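Commentary on secondary and tertiary structure
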Amino acid sequence: MKIIRLIYLLCILLLVACGGKNGNSGDGKHAAEACGPWTLSAPSGVEVAVADIDTMCLSNPFITYDVKSNGYYMVADGGYMWTSKDLRNWTGPFEVLKQDTSSWVGASPVITSPEIHKYGNRYYYMATFEVSGCIVNDADGKPFTRRSCVALVADTIIGPYRTIDKDSELLVVEEMAAHPTFCTDDLDVGYMIYNHMGEQNGDATVQIIRFTPDLARRMGEAYIMFSASQNSWSKAHVNGKEQFSPIIESPYIFITGDYVLGILFNTYVDDVRATGVAYSQTGSLNGPWVIDAEPLLPAGMAVSGMFDDYDGTPVLVASTDTIIGGEKRSVTRLLKADTEFDKLQIKGYYKF
């Protein structure tokens, strides 16, 4: 009897410890889930499968290499994750998000352009969240479905990624923003780079904002790095007239061997996607930023990120528009890059 009572007391103490650790002692189910080891699982009704990357049709794929686990992790539109040991064969999809549904994103937001970045000893998931039925108005009173950038945090790269502060607003509520990415300065201060969408302001801008140390809130206001109208080669024909394309998306910052800061971005030439590069003329985030006079990649290919491989080789993650089964799809492609000198150069397709 004493042994049974002792076991009972130990179980009670364990439940209390779990609840205290996670700030929720009143929900035993939630506490047990949070305290137990997190394992990857597929979304409800979906089977985990292995696929060759050349056959995967994903929008805005982003890959990162994790030294600790010696593995590759890919996220894409929809909010799911795939894992790989060789970059060719990918297993998934897996659920990795556990955002607070009482925050503005609710229970079922549309998630696009995600990225994962390690900062300190934690991992941060940054993405565009869009909430159907959540309407905001711009300065002229024009209504938009709210679309903004969100940062979630986890202790391991596989998650679960949880809301940092449900009451925080990384950006101005009325601002239509998308495609967040992360960088730090020389003092290891965290920043988010994103694009203010051309659908709202008529001339999309790449902007930057400083984070608080926990990446939960912004510090100060965002400032513009460069705009779509500064691009000389991105053209669109509207009503028979040629004008600059008002779209600029997917900024991703990198640094060359000569300590030159660059930003990859996507835009359009008419209806075809294209990738360009802008470089800082001072070597700092403050710029000024100048866009290269020619696209980086052939028309129809767009970059959604870059990562350092296990041996330090920079690899671009790109998508190529193609027709599969009569439908226009985006197939993931990997390109080896060279950042040794003052400008980014493409060396060719990644060889497995």
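Up top you'll find the structure we're talking about.
The text that follows walks through the structure, step by step, so that each part is easy to find.

Rules used throughout
- Residues numbered from 1 in each chain as written.
- Predicted model: local features only at pLDDT ≥ 70, side-chain atom pairs only at ≥ 80, totals over all residues.
- Heavy atoms only, no water.
- Helix = DSSP H or I, 4+ residues; strand = E, 2+ residues; numbered from the N terminus.
- Buried < 20%, exposed > 50% of the residue type's maximum accessible area, 1.4 Å probe, protein only.
- Contact = heavy atoms within 4.5 Å.
- Areas by Shrake-Rupley, 256 points an atom, 1.4 Å probe, with all protein chains shown as cover.
- Pairing = 2+ DSSP bridges.
- Polar contact = N/O pair within 3.5 Å; in protein donor to acceptor, adjacent residues only side chain to side chain.
- Core = buried A, V, L, I, M, F, W, Y, C linked by side-chain atoms within 4.5 Å.
- Axes fitted to C-alpha atoms, helices over the stretch in contact; angles between N-to-C directions.
- Phe/Tyr/Trp six-rings, centres within 6.5 Å; stacked < 30°, edge-to-face > 60°.
- Salt bridge = Lys/Arg side-chain N within 4 Å of Asp/Glu carboxyl O.

1. Description of the overall build of the protein chain
Helix and strand counts for the protein chain come out as three helices and 23 strands. Looking at the protein chain as a whole, 47% of its 352 residues are labelled buried. Partitioning the intrachain contacts of the protein chain with sequence separation of at least 6 by distance along the chain shows that 49% fall at a separation of at least 24. For the protein chain, the exposed area adds up to about 17,600 Å²; of that, 52% sits on carbon and sulfur atoms.

2. Some remarks on the pairing of strand β11 (residues 190–196)
The buried fraction of β11 is high, at seven of seven residues. Because side chains alternate across β11, one face comprises the buried residues Gly190, Met192, Tyr194 and His196, and the other comprises Tyr191, Ile193 and Asn195, equally buried. Relative to β11, strand β10 (residues 177–184) runs antiparallel, the two sharing six bridges. Residue pairing for β11: Ala178 is matched across the bridge by Asn195. Between β10 and β11, which pair antiparallel and follow one another directly, the connecting turn spans five residues, one of which, Asp188, has a positive phi of 65°. As defined by bridge partners, β11 adjoins strand β12 (residues 205–211) across six bridges and the pair is classed as antiparallel.

3. Side note on unusual backbone geometry
Each neighbour pair has its own omega, and for Gly92 with Pro93 the value is 0°, a cis peptide bond. Take Pro93: it is sitting in strand β5 (residues 89–95). In this model, Gly287 is joined to Pro288 through a cis peptide bond whose omega is 10°. Within the secondary structure, Pro288 is located in the loop between β18 (272–280) and β19 (289–291). Backbone geometry places Leu87, a non-glycine residue, at a positive phi of 75°. Relative to the helices and strands, Leu87 resides in the loop between β4 (80–84) and β5. A positive phi is found at Asp188, a non-glycine position, where the angle reads about 65°. Note that Asp188 resides in the loop between β10 and β11.

4. With respect to the side chain of His196
With respect to the helices, strands and loops of the structure, His196 is situated in strand β11. A distance of 2.7 Å separates polar atoms of two side chains, one belonging to His196 and the other to Gln200. Setting aside residues up to four positions removed in sequence, His196 forms contacts with Glu175, Met176, Asn201, Ala204, Thr205 and Gln207.

5. Points about the nonpolar core
Within the largest apolar cluster, 35 residues are counted, with the highest numbers of intra-cluster contacts made by Tyr125, Phe129, Tyr161 and Leu264. Leave out the neighbours within four places in its chain, and Tyr125 touches Val75, Gly79, Leu97, Ile111, Pro114, Glu115, Ile116, Val150, Ala151, Leu152 and Tyr161. Counting residues in hydrophobic clusters, the runner-up holds 21 residues, among them Cys183, Ile193, Leu261 and Trp289.

6. Some points on the environment of Tyr310
By the secondary structure assignment, Tyr310 is in the loop between β20 (301–308) and β21 (314–324). For Tyr310, the contacting residues outside a window of four places in its chain are Tyr65 and Tyr72.

7. Here's the deal with the sheet that holds strand β1 (residues 49–52)
Here five strands make up an open sheet; going across it, the order is β1-β5-β4-β3-β2 and the pairing antiparallel. The open sheet is flanked by β1 and β2 (62–66), the only strands paired with a single partner. Taking each pair of neighbouring strands and ignoring which way they run, the sheet shows an average axis angle of 30°. Looking at chain direction, strand β3 (residues 71–75) and β4 are connected through four bridges and run antiparallel. Bridge pairing in β4 places Tyr72 opposite Ser84.

8. Description of the packing of aromatic side chains
This model, assessed by the stated rule, comprises 11 aromatic pairs. Seen from their ring centres, Tyr125 and Tyr161 are 5.6 Å apart, and the 45° between their planes marks the pair as tilted. Note that Tyr125 is positioned in strand β7 (residues 122–137) and Tyr161 in the loop between β8 (143–154) and β9 (162–163), a separation of 36 residues in sequence. Like Tyr125, the residue Tyr161 is buried in the burial classification. Between Trp233 and Phe265, the ring centres sit 6.4 Å apart and the planes meet at 15°, which makes this aromatic pair stacked.

9. Quick notes on the side chain of His179
Here His179 is to be found in strand β10. Overall, His179 belongs to the buried group, its relative accessible area being 11%. If near-sequence neighbours (up to four positions away) are discounted, His179 is found in contact with Asn60, Ser113, Thr128, Ile193, Tyr194, Asn195, Glu249, Ser250 and Pro251.

10. Things to note about the pattern of salt bridges
This structure, assessed with the given rule, holds eight salt bridges. A salt bridge links Arg88 to Asp52; its shortest N-O distance comes to 3.1 Å. With Arg88 in the loop between β4 and β5 and Asp52 in strand β1, the pair connects residues that are 36 residues apart, well separated along the chain. Close ionic contact of Glu130 with Arg147 constitutes a salt bridge, the shortest N to O distance being 3.2 Å. Taken together, the residues span a long stretch of sequence, with Glu130 in strand β7 and Arg147 in strand β8 at a distance of 17 residues. Glu130 sits in the partly exposed class, given a relative accessible area of 21%. When its relative accessible area of 23% is taken as the criterion, Arg147 is described as partly exposed.

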